[in-house]
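Inside the fold
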Amino acid sequence: MRNDERALRRGLTLGAAFREFLRHPSPWLIGLTLIAALVGRILVGDWQLTDALVPAAMLAVFPVFEWIVHVTVLHWRPRQLGPIAIDSELARKHREHHVDPRDIPLIFIPTKTLSVLVVVLIALGVFAFPRLGLGLTFLLTITILGLGYEWTHYLIHTDYKPKRSLYRAVWRNHRHHHYKNEHYWFTVTTSGTADRLFGTHPDPAATESSPTARHLHAS
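Quick look at the structure, then. Sequence order as written defines the numbering, with residues in each chain counted from 1. For a predicted model such as this one, the threshold for reporting local features is a pLDDT of at least 70, and the threshold for listing and counting side-chain atom pairs is 80 or more; totals across whole chains, interfaces and linings nevertheless cover every residue. Excluding hydrogens and water, the side-chain values take into account all heavy atoms of the structure.

A word on the overall build of the chain
We apply this condition: Only DSSP runs of H or I reaching four residues or more are called helices, and only runs of E reaching two or more are called strands; each is numbered from the N terminus. Categorising residues by exposure relies on relative accessible area from a 1.4 Å probe, with only protein chains included: less than 20% of the type maximum marks a residue as buried, more than 50% marks it as exposed, and the intermediate range marks it as partly exposed. In what follows, a contact means two residues having at least one pair of non-hydrogen atoms within 4.5 Å. Residue burial considers only the protein chains on display, and all accessible areas are found by Shrake-Rupley using a 1.4 Å probe.
Looking only at helices and strands, one finds 10 helices and two strands in the chain. Start at the N end of the chain and walk to the C end: the helices and strands fall as α-α-α-α-β-β-α-α-α-α-α-α. In terms of its C-alpha atoms, the chain occupies a principal-axis envelope of roughly 55 × 50 × 35 Å. Across the 219 residues that make up the chain, the buried fraction comes to 44%. Long-range pairs, those at least 24 residues apart, make up 64% of the contacts in the chain with a sequence separation of at least 6. Surface summary for the chain: the accessible area is close to 12100 Å², and the carbon and sulfur share equals 67%.

Focus: helix H8 (residues 132-156)
Here is the rule we go by: Each residue after the first adds 1.5 Å to the expected span of a helix.
In this model, H8 (25 residues) spans 36 Å end to end at C-alpha, consistent with the 36 Å of a helix rising 1.5 Å per residue. Here H8 lies mainly inside the structure; 20 of its 25 residues are buried.

Let's talk about the packing of aromatic side chains
This is how it is decided: Pairing of aromatic rings covers Phe, Tyr and Trp, the last counted by its six-membered ring, and requires centre-to-centre distances within 6.5 Å; plane angles under 30 degrees mean stacked, over 60 mean edge-to-face, and any other angle means tilted.
One pass over the full model with this rule turns up 12 aromatic pairs. Ring centres of Phe18 and Phe21 lie 6.3 Å apart, and the angle between their planes is 25 degrees; on these two criteria the pair is classed as stacked. In this pair, Phe18 and Phe21 both sit in helix H2 (residues 14-21), three residues apart, roughly one turn of the helix. By relative accessible area, Phe18 is classed as partly exposed at 40%.

Here it is in structure tokens:
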């Protein structure tokens, strides 16, 4: 049995899960970006009302953003454009993640893709906003949301048992996606939010189990 499988065995405590979480590069890369954004935001100052409105708006739309990325990017069906294969690292790794949902490294955003994404987000924060302070507020918020996503997604795929009703609902929602039917339940950090909006939150008892939940796009 591999080390990552041993870390997921029954009886896993929250502390042990967190220690394993910190062994992977994604939380550190996002966390260091978060700290840099926080320090920069404090140094820049220039606090205005929009510094409260932007995080509120981002938090509200995050489930929709998460749903769209999951459906259109992670569940991308590989295509061929002449000799060129159109298939991102995110899509490839996500297919592997569905094959083995308990493989810990596959739970996290791939390091290469995440590194590019961090650079893009920093560039957006510095250049895409009318003032630097607001851009740093955006960067701070998106890294908090990203770190929350990575932790929630990781924890769902461990054997840590939900103790609170809110997390239990989130846990069950994502487990249905992996072990019941991959065509539904696309949100990860919330349960039944964007899925209800887009019609992908059916009654599990009335939904057929998919033979391709482990092997996306298989015939």
